[in-house]
Amino acid sequence: MIMANITTMSGFLLMGFSDIRELQILHAFLFLVMYLLAMAGNLIIIVITTLDQQLQSPMYYFLKHLSLLDLSFISVTVPQSIDNSLMDSGYISYGQCILQVFFFTALAWAEVAILTVMSYDRYAAICFPLHYEVIMDHSKCKWAVIAVWLSGSISGILYTTATFSITFCRAKNIHQFFCDVPQLIKLSCSNDYFGVIGVAAFMTVLAFMCFTSIVFSYIHIFSTVLRIPSAEGRSKAFSTCLPHLFVVSFFLSTGVFAFLKPTSDSPTAFDLMISMFYTVVPPTLNPIIYSLRNEAIKGAFAKLLLG
């Protein structure tokens, strides 16, 4: 990798995974494979939940928007990282970094918000089946999705404004494969990063409220499911809940761990792997997780293949 001193330049240097050329090619290949899998899986879900008339319930409406978020989320960081590895250059311009921070933080929060909405949808469907169509009518679902995207945009604006109000006066080397906010904070040589800390604290409180809502939803869901007399009924209920619970747990646990862990001037391979677990892996695995135990999605996919 070109380790030029870019302190006087307007951009940043993403250090990536390795300076060894062979490992850079391997990294680019693995990221490309995961990116193509994520694109294919999420596009398939978007297409079948749009075209198949049997997949028009609120659950699949929210799943379609989760897939759209996943597709967008992985596109923020991975193509740039692949290009940097293939070109043997980690340079990213100041403007590109601003856009990456905005879309990354906006889409990350939107994912938390849509997962919270999806947990409420499962709560309403299982705990109040007779009133489900009233609770989750089309108008409410539409406004819930609008709120998800709008709240994500607000989060992105807050993070981006606070982050780039910092005066960067150190060597602009980012020990990550994308413009990571905690790494950008380390480039400040004064106390002007308190705005970012304030935004992060505010969003953490909101994320905790979402997490609490999800936990309470699932407490009620499991208590209701366990009272279902038939094994088939319990299995059907669990098949719609467990994939969502796994996705929520994986995304939030890895994201929280990565952001609460102190940043290092010389991150290990483990640090970069943790970043992959909340930036690259969830968008790739989500379509598979939601499809494995969902007969309706598998049936719709089979119809799509057979024309």
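A brief report on the enclosed structure follows. (Residues numbered from 1 in each chain as written. Predicted model: local features only at pLDDT ≥ 70, side-chain atom pairs only at ≥ 80, totals over all residues. Heavy atoms only, no water.)

On the basis of which strands lie adjacent, the open sheet formed by three strands has the order β2-β1-β3 and mixed pairing. At either margin of the open sheet sits one strand with a lone partner, and together these are β2 (91–92) and β3 (173–174). Bridge analysis of strand β1 (residues 12–14) against β2 gives two bridges, and the strand direction is antiparallel. Bridge pairing links Phe12 to Ile92 in β2. (Pairing = 2+ DSSP bridges. Helix = DSSP H or I, 4+ residues; strand = E, 2+ residues; numbered from the N terminus.)

Together, Ile20, Leu23, Leu26, Phe29, Leu30, Val33 and Leu37 line one region of the surface with nonpolar side chains, adding up to about 640 Å² of accessible area. Here Leu23 is to be found in helix α1 (residues 21–51). (Patch = residues over 30% accessible without salt bridge, like charges linked within 9 Å, V, L, I, M, F, W, Y side chains within 5 Å. Areas by Shrake-Rupley, 256 points an atom, 1.4 Å probe, with all protein chains shown as cover. Salt bridge = Lys/Arg side-chain N within 4 Å of Asp/Glu carboxyl O.)

With that out of the way, let us pick up the state of the cysteines. Counted under the stated rule, the structure contains one disulfide. With a sulfur-sulfur separation of 2.0 Å, Cys97 is cross-linked through a disulfide to Cys179. When the S-S torsion is -125°, as for the bridge of Cys97 with Cys179, the disulfide is left-handed. Residue Cys97 is located in helix α3 (residues 94–127), and its partner Cys179 is located in the loop between β3 and α6 (181–185); the two are separated by 82 residues in the primary sequence. Judged by relative accessible area, Cys97 falls into the buried class, the value being 0%. With no disulfide partner, Cys210 has as its closest neighbouring cysteine sulfur the one in Cys141, 17 Å distant. (Disulfide = S-S within 2.5 Å. Buried < 20%, exposed > 50% of the residue type's maximum accessible area, 1.4 Å probe, protein only.)

Soluble globular proteins tend to pack their nonpolar side chains together in the buried interior. Core analysis: the biggest nonpolar cluster contains 81 residues, and Phe12, Phe62, Leu115 and Leu184 have the highest contact counts within it. Per-element accounting of this core gives the leading share, 18 residues, to α3. When near neighbours in sequence (up to four residues on either side) are disregarded, Leu115 contacts Leu66, Ile214, His244, Val247, Val248, Phe251 and Tyr290. (Core = buried A, V, L, I, M, F, W, Y, C linked by side-chain atoms within 4.5 Å. Contact = heavy atoms within 4.5 Å.)

Before going further, it helps to examine the environment of Phe257. As for its placement among the helices and strands, Phe257 is situated in helix α8 (residues 231–260). Given a relative accessible area of 38%, Phe257 falls into the partly exposed group. In this structure, Phe257 is in contact with Phe270 and Ile274, ignoring residues within four places of it in sequence.

What follows deals with the packing of α1 against helix α2 (residues 58–87). Running from N to C, α1 and α2 point in directions that differ by 160°, and their axes come no closer than 9 Å. Considering their axes alone, α1 and α2 lie roughly antiparallel with respect to each other. For the crossing formed where α1 meets α2, the hand is left-handed. Tallied by class, residues from the contact of α1 with α2 come to 20 nonpolar, nine polar and three charged. (Axes fitted to C-alpha atoms, helices over the stretch in contact; angles between N-to-C directions. Parallel < 35°, antiparallel > 145°, perpendicular 65-115°, else oblique. Left-handed = near helix turned anticlockwise from the far one by under 90°. Nonpolar A, V, L, I, M, F, W, Y, C, P; charged D, E, K, R; others polar.)

One water molecule sets the probe size; rolling that probe over the atoms shows where empty space is left. Counting across every chain of the model gives three cavities of 30 Å³ or more. Of the voids in this model, the largest cavity is the one considered here, and its volume is about 130 Å³. Taken together, 14 residues form the lining of the largest cavity, with Met59, Met118, Arg122, Thr240 and Tyr290 sitting closest to its centre. Of all the secondary-structure elements, those providing two or more residues to the lining of the largest cavity are α2, α3 and α8. Among the residues forming the lining of the largest cavity, the class breakdown is eight nonpolar, four polar and two charged. (1 Å grid on protein atoms, 1.4 Å probe; cavity = no way out; pocket = protein on both sides within 12 Å on 5 of 7 lines; lining within 4 Å. Points joined across faces, edges and corners; volume = space filled by probe spheres on them.)

Take it as geometry only, folks, not as evidence of what the structure does.
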